[in-house]
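Results of the structural survey
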Amino acid sequence: MFSIASFTFSPIAENTYLLHNETGDCIIIDPGCYFGNERETLQDYIEKHALRPKYLLNTHCHLDHVFGNKFVHDTWQLELYIHPKEQPVLAFAAEAGVQWGMPFSNYEGPLHFLREGEQIRLGNDVLNVLFAPGHSPGHICFYCAAQNFVIDGDVLFRQSIGRTDLPGGNHETLLNSIRNVLFTLPDDTVLYPGHGATTTVGFEKKHNPFLRMP
Ligand SMILES: [Zn+2]
Ligand SMILES: [Zn+2]
């Protein structure tokens, strides 16, 4: 069974998730650690729980979700998994860092691609890849059906949705992803978003001002 640890990192307050189970292996999703003390916080957690990092995943490659990719690669030799359509977003991230006043060293190691329907496994636990573009062209979410949760990146937030004014964003595409991908999951599915508090599919169907039916 997955245990989920979350950390909020960087001036952008991005949520980094670390999933681990009884195997002692772990999955690092969207390491947004920007400052040295944030990298230490992540490393301390992993060492304190004697975890072996096995996968490095990005829901998408906006700068706040990729700040710590290189650190994870350098420290635990993990290679990055993304959707193929995020490649140009990743390539632009370092330049975006300069533009936003948050320069950083981008990941330049090998890339592995994840597509809709593929799975990431840790022992008996499984994450299913859901393709949910709109906030970003190759945005994916990681769904655990057995435990009823989804790591949903910047698609849907508690009473808000991802912005669509960044390169490759599209508002209609985002709304379609929410309605046709996330809203088809059971109402009690817990959403762990890239920013802010957790929520559920059912709560957002009722209370999200961007999605309430007219
Ligand atoms: Zn984003
Ligand atoms: Zn974000």
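Here, every reference points to the structure presented above.
Right, let's walk through the structure included here. Here the structure is a predicted model, which is why all the values come from computation and not from measurement.

1. Concerning the sheet that holds strand β14 (residues 199–200)
Two strands in a sheet stick together by hydrogen bonds in their backbones, pointing the same way (parallel) or opposite ways (antiparallel). Sheet architecture is open: six strands sit in the order β7-β8-β9-β10-β13-β14, paired in mixed fashion. Whereas interior strands pair on both sides, the edge strands pair on one side only; in this sheet they are β7 (119–122) and β14. By the bridge criterion, four bridges tie β7 to strand β8 (residues 125–131) in an arrangement that is antiparallel. Across the sheet, residue Leu-122 finds its bridge partner in β8, namely Asp-125.

2. Quick notes on the coordination of the zinc ion (ligand 2)
Expected angles at a metal are 109.5 degrees for tetrahedral coordination by four donors and either 90 or 180 degrees for octahedral coordination by six donors. Protein coordination at the zinc ion (ligand 2) comes from Asp-64 (OD), His-65 (NE2), Asp-154 (OD) and His-195 (NE2), with a distance range of 2.1 to 2.2 Å. Relative to the metal, the four donor atoms surrounding the zinc ion (ligand 2) lie at angles of 87 to 159°, and the coordination shape comes out irregular. Here the donor residues for the zinc ion (ligand 2) map to a single chain with the spacing D-H-x88-D-x40-H. The class for Asp-64 is buried, based on a relative accessible area of 6%. Exposure remark for Asp-154: the relative accessible area of 3% places this residue in the buried category.

Parameters at a glance
- Residues numbered from 1 in each chain as written.
- Chains lettered and ligands numbered in written order.
- Predicted model: local features only at pLDDT ≥ 70, side-chain atom pairs only at ≥ 80, totals over all residues.
- Heavy atoms only, no water.
- Pairing = 2+ DSSP bridges.
- Helix = DSSP H or I, 4+ residues; strand = E, 2+ residues; numbered from the N terminus.
- Donors = N, O, S within 2.8 Å, 3.2 Å for Na, K, Ca; no water.
- Tetrahedral: all angles 85-135°; square planar, octahedral: opposite > 155°, others 65-115°.
- Buried < 20%, exposed > 50% of the residue type's maximum accessible area, 1.4 Å probe, protein only.

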